[in-house]
Structures are given as structure tokens and as C-alpha cells.
Amino acid sequence: MTQTLELFPIGNCSASALIDEGGRYVWACTPRVDGDPFFSGLLGARDPGGEAAQGVWSVDVEDTADIRQSYLRNTPILSTEIVDTHGGAIEIIDFCPRYRQFGRAYRPLAFIRLIRPISGAPRLRIRVRPTFNYGERATTTTAGSNHIRYVGGETTMRLTTDASVSHILEERAFRLEEPIAMFLGPDEGFDSDISITTERMLRETAFYWRSWVRTLSVPLEWQEAVIRSAITLKLCAYEETGAIVAALTTSIPEHPAPPGEPGRNWDYRYCWLRDAYYVVQALNRLGAADMLENYLGYLRNLVDQASRGHMAAVYGPTAEPPGTAPARQPTPGLGPAVIHDSSKVGHVQPVYGVGLEPVLTEWIAPHLPGYRGMGPVRIGNQAHEHRQHDVYGQIVLSTVQAFFDERLFRPATEDDFHALEPIGERAFELHDKPDASLWEFRGREAVHTYSSVMCWAACDRLGNAAAKLGLAERAHYWSDRAKLIRQTIEIRAWNEQLGRYAATFEGDELDASLLQMIDVRFTTPDDPRMKATMEAVEKGLRRGPFMLRYAIPDDFGTPKTAFNFCTFWLIEALHLSGRSEEARELFGQMLSRRTKAGLLSEDITFDGKELWGNYPQTYSLVGLINCATLLSRPWSSVR
């Protein structure tokens, strides 16, 4: 079977996995989302029959005639129904347990499969083939009467089951006559009846997710799409620390790359402050305060370290953070990065590990051939070394709500405000300095308008927070700084000859991020300058219904796919400029491009026929939620 992005995520905000159209686990990392792939089939080698040779967990039914998949309503619990040519049928239920237990969240590194006979006497074969060291080799096994241990990697996992252990070890075909329960988790005993216990876990997990969904303030229209996006965004959170990853995968190419051409393959299993800002912004619009509050804890820890000026030097210039793979050769041939100065008080990187790790050394995994053989498979991300000045705005924009939101268990305090001030000072210092931009160019730098606007937003919102706290002098101070940055942007980002804003100071480039000047309230859609800019961006970057980030060549040539998040930015701009029917039509097209799981990756071909890039992409799901909220008819229209 050809590898595709028709994948269904499951998870519990600690563990996560991707299941393909055949009901096979093809991606699951341990002990965290950014760890070694225990199931690596998504990026692994294929045998002549098209199946993943290793790195999968499959339930293969003999003489399969049809496979149907869907989530249980308002949950990330997946049902896969497989029917054979003789009328036999089974149902597989896949989920990661999550519910309240002993006054806290129970969300272990664990995966549960329940296999139930529906009709007839289907014959099936269970294959559990984990790998370790990034696909280098298969794990070894030891077994007991009701369990199998998978040993070799950093994490030893134990499969406890009421199925025949020898059937699984030998991958032997057998008749399914009774339900089977399988619990793959930590290497420890399972001290209760597995069938009864996993059924209880299923009920309680379903109740947890349905209860969480019930707290969301969803728009009237497109509720199913919004709910599925919100659930999946929550799956991209690593709840223990509050981090939110950009995607669950690494190295799904942004577009097909011919052999020998360096691919646009990146590892997105880390917390970009920019991406996380957009996630909490979208979920705030749905009323998901739990995600905001947990992420703010992650941010406060980063801000606290940044205010002491030693964030990126915690492990030294070359050391790896604890728990990562041994040091490998850094990625070759990518050109110089725009390197940060970690000694500066208030300095913040654009991206960190889910455990607050500042060092994410990038290297290539030699034993994984990549998605459809389109390597390289990159682990780590060089962006942790970049200067990307927009992050200062995103930190403050993510945090400022806590000064006003009375729902929160922990509203922001005056101490929190003073801890943010070094971030604001850094934003003011850097608002007119070159950086790698939000698109993380690796071989060039410039003063990017989007970064400068975000620096303005940092100072502007600090002024708002100070006013709320009654700190009149600090409110005046930060408002003055915001005014100075605004003056700079209005002069240097405005291209008089072209009659529009440019993506860089004194430049002429177009960039879809210019549309965000409205979202952060730097300007309004009816401002003549912004109207001219919106028209130019649409004309220069739109390809059919889809939008590019930019059209100029970068380190890897000219972009060959559109960027889904930017298309959602276009939809917002169309609506705000009075072209609402056109916006709704384009939104409908984007909804039709979702996978069967109701999700989107990062990129799409210009003809709209195939998704590319890491999956599920938080940016894209944020765009879907934002546009649905903006375009939907109000609830008052049906009440």
C-alpha cells in the first residue's frame, strides 16, 4: 500500500499514534512525542508486497473485502471495521486511555486495542513489529503467559493481552471467536482483568473527551469540523509541561522531491512559540481555557529562564539535553543559520523541546528511508539557533489574556508582568534588526515586517496589561515604545513606489504574513494602505484557490506547494474586506481537502489533489477553527 497522509491520530496528551487506512499503527514515538519512533512504518522501508517491513502494529484479516473507519463521536477513539469476502467482520477500537483517577489525570504512555468479532468466523493475523534507534533494527522480545516485552530502545514496552501470546509472536493466522484486549504500555505488570479493565478505560476515556467537547463554544456551522480540529489540537499538547508541538511527525516532505534533491523535510515534534500562540488563540475562541492555562505554565518557565539570560546555554554549546539520542553529525549542506545571542537578558528562541530543552541538534536518521522513500529523515531542528524576533510578540500575546480573564485558576499577577518586561525590552531592541523570519530562512536574513509588527504587539499589550494592573507609569512607558515601533514600521515597511507594505523594510517582497497586520490590530481592513496590501498579496501569492507563503526562491528553490494556513489567512481577509460569499466558498473547498480523519497537513499541491508536509499540522487546524468561527451564522439565527 502506498504511504499517504490518510492517517487517524489517537492520543491522550502524553502518548500519541497515527493509524493508517488499513488499521495499522504506522507512527508512535516513545517515551515522548519527540522520541524514538517505536512504530516507524510511516517513514520506514516497504517490502515487495507494499507492507511496512517493520515498525507497524497490524491486524490483518484474510480475504479482506472492505475497511471502514471513523472516530467515536466527539472523541479521538478510532473504530476500524474490517469485512472479509465470506461475510465475516471484526471491529478494532484504538485509543490511549485518559480520564480522572485519584484526583489527577490518568494519561499513561499506553495504547489500547480491542478486537471484537461482529459476524462470521474471520481469520486474522496480528503483527507487532516495533523498532528502535530510529528504525535501525527491530526490538527483541521476551514473553510470559499473557504478555510480551519489547526490548532494545530507551523505552521497554510491554504488551499485555488475553489473546494467545504465541499467535502474536509467530504472527500466526487464527479464527477470531472471542473479543481480544491488548494493552501496550510501560514495562510493568497488569494487575487486573484485562478485558474488564480496558472496557472500563474505554468508557471513561470516551466520557472524558465528550465532557471536554461539551465545554467548547463552537460556531453554529461546521461543528463537526471544528470539534475534530479542537480535539486534535489538544492531542498535540504535551500536558506534563504544557508544551504544544507543531505536528506529530517529522520529515513528511513539503512536496515530492526527485532523487538527489535536498528535500524540505523538517522535524515538527517541538514547541514553536509562534505555533503555540496561534493554537491557544484559536482554542480561546472556543473557550478552552484549560489549554491556555497549561501552556502559560510552560511559557512562565521559559520567561523566567530568559530573564536570567542563560536560556540557550543550559547545556553548553554542543551538549545534548538529557534523554536525547547520542550526538550525531549535524545536518550537512543547509547553509548558515541566523544564529542567536543567548547571552542577552530576555533572549528567547523560536522553538524548544517539549521538556523545555533549548538544544535541538539537527541530524539525519540514516536507517529510515523516509515517506515514500523521500528522505532525508531529520531529527531535531536547527531553528533553535535562529533569530526570529516575532517570538517576543507571541509570548506577550499568549500571556496577556491572563491579566484580564477571570475564569483562570491562576490569573496573571504583577510579578508576572515584571517578568515579561525583559521580553518587551528585547522586542523593542530588535524590532528593526534582521532575523530569519517566521518562515525560518536558513541562508539569508532581513528586517521582516511581520517580526517588527509582532515586536510592536509585545510593547502594545504590555501597556494594556500595565493599565489593567494600575501601573500608570509602566503603561505610559510601554505605550510610548509601541508608538515608536509603529512609526518605524509605517516608514520603513511602506513601499511608496508600489503603494503597499512590503515583507521587509525598504524591500518589495510579498509575504502572506502581511495579512496578519489586521489580526494583531496594527491596522484595519478598511485602511487604504492595508487594502492595497491585501490586493497585492492576493494577486501575487494566490494560486487558484490556494495561497503561497511567498513566491521568491528560498534555500531550496521556488515553492512547489501552497501553505494551508496562508489560505485560511486569505479567507479571513476576504471576509473582512466584504467578500464574505467568496470567503465561504473558498472555506468549503478547504474543508473538502481534509483527510478522512477530518484533518489537514501543512501543504497542498496547487491542483488541490494531495496533501504534503507534517501531519496533523496545528497551523492548518487553527486556520480552520478561526475561519469557521468568523464565517458561521450566529446561534441566534436558529434559537
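Residues numbered from 1 in each chain as written. Predicted model: local features only at pLDDT ≥ 70, side-chain atom pairs only at ≥ 80, totals over all residues. Heavy atoms only, no water.

Considering the overall build of the chain
When helices and strands are tallied, the chain shows 14 helices and 32 strands. In summary, the chain has a C-alpha radius of gyration of 25 Å against a globular reference of 26 Å for 639 residues, a match within 12%. The principal-axis extents of the C-alpha atoms in the chain amount to approximately 75 × 55 × 55 Å. For the chain, buried positions account for 60% of its 639 residues. Total accessible area on the chain is roughly 23,500 Å²; 51% of this is exposed by carbon and sulfur atoms. (Helix = DSSP H or I, 4+ residues; strand = E, 2+ residues; numbered from the N terminus. Rg over C-alpha atoms; globule rule 2.2 N^0.38 Å. Buried < 20%, exposed > 50% of the residue type's maximum accessible area, 1.4 Å probe, protein only. Areas by Shrake-Rupley, 256 points an atom, 1.4 Å probe, with all protein chains shown as cover.)

So, the sheet that holds strand 7 (residues 78–84)
An order of 6-7-8-11-19-17-16-15 is seen for the 8 strands of this open sheet, with the pairing classed as antiparallel. Each end of this open sheet is capped by a strand with a single partner; those strands are strand 6 (64–71) and strand 15 (140–143). Geometrically, the sheet is characterised by an average inter-axis angle of 15° between neighbouring strands, direction not taken into account. Two elements, strand 11 (residues 111–119) and strand 19 (residues 180–186), share 5 bridges in a ladder whose sense is antiparallel. Bridge assignment links Phe111 to a residue of strand 19, and that residue is Leu184. Contacts between helix 2 (residues 194–214) and the sheet are confined to strand 8 (89–95), strand 11, strand 17 (157–161) and strand 19, with strand 11 contributing the most and set at about 100° to the helix. (Pairing = 2+ DSSP bridges. Axes fitted to C-alpha atoms, helices over the stretch in contact; angles between N-to-C directions. Contact = heavy atoms within 4.5 Å.)

Remarks on the sheet that holds strand 32 (residues 611–612)
Read from one edge of the open sheet, 3 strands run 30-31-32, paired in antiparallel fashion. Edge positions in the sheet fall to strand 30 (562–563) and strand 32, since each of these pairs with one other strand and no more. The pairing of strand 31 (residues 603–604) with strand 32 spans 2 bridges and is classified as antiparallel. Among the inter-strand pairings, Ile604 is bridged to a residue of strand 32, identified as Leu611.

Digging into the nonpolar core
In this structure, Trp57, Phe111, Ile126 and Leu273 are the most contacted members of the largest nonpolar core, which totals 198 residues. For this core, the element with the most residues is helix 8 (residues 449–468), which contributes 11 residues. Setting aside residues up to four positions removed in sequence, Phe111 forms contacts with Ala15, Ser16, Ala17, Tyr25, Ala28, Trp57, Phe95, Cys96, Met157, Met182, Phe183 and Leu184. (Core = buried A, V, L, I, M, F, W, Y, C linked by side-chain atoms within 4.5 Å.)

Description of the packing of aromatic side chains
Following the criterion strictly, the structure yields 31 aromatic pairs and no others. These aromatic residues form a ring-pair network of at least three members: Tyr277, Tyr278, Trp439, Phe563, Phe565, Trp569 and Tyr619. Looking at Arg32, its charged tip hangs above the ring of Tyr238, at a distance of 5.9 Å from the centre. A cation over an aromatic ring shows up here: Arg113 above the ring of Trp57, its NZ or CZ 5.2 Å from the ring centre. (Phe/Tyr/Trp six-rings, centres within 6.5 Å; stacked < 30°, edge-to-face > 60°. Lys NZ or Arg CZ within 6 Å of the ring centre and 35° of its normal.)

Remarks on empty space enclosed by the protein
Going through the model one piece at a time under the given rule, you end up with 7 cavities of 30 Å³ or more. Approximately 330 Å³ is the volume attributed to the largest cavity. What lines the largest cavity is a set of 23 residues, and nearest its centre among them are Trp266, Tyr268, Trp439, Glu440 and Arg549. In terms of residue class, the lining of the largest cavity is built from 11 nonpolar, 2 polar and 10 charged. (1 Å grid on protein atoms, 1.4 Å probe; cavity = no way out; pocket = protein on both sides within 12 Å on 5 of 7 lines; lining within 4 Å. Points joined across faces, edges and corners; volume = space filled by probe spheres on them. Nonpolar A, V, L, I, M, F, W, Y, C, P; charged D, E, K, R; others polar.)

Some details on the side chain of Thr605
Within the fold, Thr605 resides in the loop between strand 31 and strand 32. Here Lys609 takes part through its backbone nitrogen, which lies 3.2 Å from a polar atom of the side chain of Thr605. Not counting chain neighbours up to four residues away, the residues in contact with Thr605 comprise Phe546, Thr561, Glu610 and Trp612. (Polar contact = N/O pair within 3.5 Å; in protein donor to acceptor, adjacent residues only side chain to side chain.)

Brief notes about the pairing of strand 8
In terms of burial, strand 8 is largely enclosed, as 7 of its 7 residues are buried. Burial of strand 8 is two-sided: the residues Ala89, Glu91, Ile93 and Phe95 facing one way and the residues Ile90, Ile92 and Asp94 facing the other way are all buried. Judged from the 6 bridges that link them, strand 7 and strand 8 form a sheet pairing that is antiparallel. Residue Thr80 lies in a different strand from strand 8, and its bridge partner there is Ile92.

Remarks on the environment of Ser14
Looking at where Ser14 falls in the secondary structure, it is placed in the loop between strand 1 (8–11) and strand 2 (16–19). A C-alpha to C-alpha distance of 7.8 Å links Ser14 and Ala237, two positions 223 residues apart in sequence. Dropping the residues within four chain positions of it, Ser14 is found in contact with Arg107, Pro108, Leu109 and Tyr238. Of note is the side chain of Ser14, whose polar atom sits 3.3 Å from the backbone oxygen of Arg107.

Some words on the pairing of strand 1
Residues Phe8 and Ile10 of strand 1 are buried on one face, and the alternating residues Pro9 and Gly11, pointing to the opposite face, are buried as well. When strand 1 meets strand 2, the two strands line up antiparallel, connected through 4 bridges. Bridging across to strand 2, Pro9 finds its partner in Leu18. Where strand 1 hands over to strand 2, the hairpin turn is made up of 4 residues, of which Cys13 adopts a positive phi near 75°.

Focus: helix 4 (residues 273–285)
Every α-helix winds through 3.6 residues per turn, so residues three or four apart in the chain are directed the same way. In a regular helix each residue adds 1.5 Å, so 13 residues correspond to 18 Å; helix 4 covers 18 Å between its end C-alpha atoms and thus fits that length. Taken across its 13 residues, helix 4 has 12 buried, putting it largely inside the fold. Phi for Gly287, located one or two positions after helix 4, is positive at around 85°. (Expected span 1.5 Å × (residues − 1).)

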